[in-house]
Amino acid sequence: MNKQAIWFIVNPISGGKKKHQNIVQLIDKQLDKQIYSPEIHYTEYAGHATKIAEEAVKQHIPFVVAIGGDGTVNEVGKALINTKTVLGIIPIGSGNGLARELEIPMKPEKAIESLNTPINKQIDVCYVNEVPFFCTAGIGFDAHCAENFSKKTGRGLLNYIKVSFTEFWKYKPLKCIFAGNDYEVFSITFGNASQYGNNAYITPTAVVDDGFIDCTIISPPSAIQALRLITQLFSGNIHSSELSENYRGTKFILKSEQSFLIHYDGEPLQMNTKELVINILEKSLRVMV
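Here is a short report on the structure shown in this document.

## Notes on the overall build of the protein chain
Right, so step 1: For the protein chain, the count of helices and strands is 8 helices and 16 strands.
Right, so step 2: For 289 residues, the compact-globule formula gives about 19 Å, and the C-alpha radius of gyration of the protein chain, at 19 Å, lands near that figure.
Right, so step 3: Projected onto the principal axes, the alpha-carbon positions of the protein chain cover approximately 60 × 35 × 35 Å.
Right, so step 4: Within the protein chain, residue pairs in contact and separated by at least 24 positions form 71% of the contacts whose partners lie at least 6 positions apart.
Right, so step 5: Per element, the accessible surface of the protein chain, about 13800 Å² overall, is 51% carbon and sulfur.
Right, so step 6: Averaged over its 28 positive side-chain charges, the protein chain has a centre that lies 5 Å from the centre of its 29 negative ones.

Printed below as a string of structure tokens:
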């Protein structure tokens, strides 16, 4: 039986140094060496994971596994779009949205074990202009919080909740044009997957391989309404909110009088454009589930 090459790309920032050392030891212990010939690659700067994954494609490496959160998964995965190389995930990030969506175990040892009996599938990839995303992307309060969260030293759900609570009282609704109509919104989210991460279901009917983008628009809430929204978000019932509008399609266009700040797979990005086009490339990424 010929062994298959598999590269593990580790983001040292996600999870901490000790956790990475433990995961590397688990890979050595639990990965079936009769099936795989593994290599460990560490990222050294932002965007390095993409470079490593691109090199894996050039060398015809059949499997590349991202060890990190959704940001690391995005960096690795975007190099694998429309290639034969399959993306695997060992989730150790703050939200782990795509891993949860693909039902990959949250415990590293279980995630590694699942690599020994992989099931491969093809999922859709969505884009905000030229920026690919696999879970969610959008504008408004979520992008505002993602930008502030990225400046904090601590990660994790608790720290994100703290940022969200602090910024809620400062945030002003965003004016934009959606589908030709004027809106003043709290947030607009486009979902390839059903959740941000941490089982927070912002586009609960989204499916990663159905060829459609789901969209949830949230109108500005009062403090009481915001508490209800949080409950609905984690129970998968956000569509039941009177503040929620929901759409499904293959292309959306947003316009504004100012350049957009977006979030994509949990990462903030200031765009140098007043128009966003959100579209989809069907079944263009191979993943291990």
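## Re the state of the cysteines
Right, so step 1: All chains considered together, the criterion is met by 0 disulfides.
Right, so step 2: Between C176, a free cysteine, and C215, which holds the nearest cysteine sulfur, the sulfur-to-sulfur gap is 9.7 Å.
Right, so step 3: Owing to a relative accessible area of 1%, C215 belongs among the buried residues under this scheme.

## Some remarks on the pattern of salt bridges
For side chains bearing opposite charge, pairing can occur when the charged atoms are close.
Right, so step 1: Under the defined criterion, the tally for this structure stands at 6 salt bridges.
Right, so step 2: The residue R248 makes a salt bridge to D214 at a minimum N-O spacing of 3.0 Å. One end of the pair, R248, is in strand β12 (residues 244-249); the other, D214, is in strand β11 (residues 213-218), and 34 residues separate them in sequence.
Right, so step 3: Of the residues examined, R248 reaches a relative accessible area of 44% and is grouped as partly exposed.
Right, so step 4: In this structure D214 comes out as buried when scored by relative accessible area, which is 3%.
Right, so step 5: Here K255 and E275 are joined by a salt bridge, their closest N and O atoms 3.8 Å apart. Of this pair, K255 sits in strand β13 (residues 251-255) while E275 sits in strand β16 (residues 275-288), and the two are 20 residues apart along the sequence.
Right, so step 6: Overall, K255 belongs to the partly exposed group, its relative accessible area being 40%.

Rules used throughout
- Residues numbered from 1 in each chain as written.
- Predicted model: local features only at pLDDT ≥ 70, side-chain atom pairs only at ≥ 80, totals over all residues.
- Heavy atoms only, no water.
- Helix = DSSP H or I, 4+ residues; strand = E, 2+ residues; numbered from the N terminus.
- Rg over C-alpha atoms; globule rule 2.2 N^0.38 Å.
- Contact = heavy atoms within 4.5 Å.
- Areas by Shrake-Rupley, 256 points an atom, 1.4 Å probe, with all protein chains shown as cover.
- Lys, Arg positive; Asp, Glu negative; His and termini not counted.
- Charge placed at Lys NZ, Arg CZ, Asp CG, Glu CD.
- Disulfide = S-S within 2.5 Å.
- Buried < 20%, exposed > 50% of the residue type's maximum accessible area, 1.4 Å probe, protein only.
- Salt bridge = Lys/Arg side-chain N within 4 Å of Asp/Glu carboxyl O.

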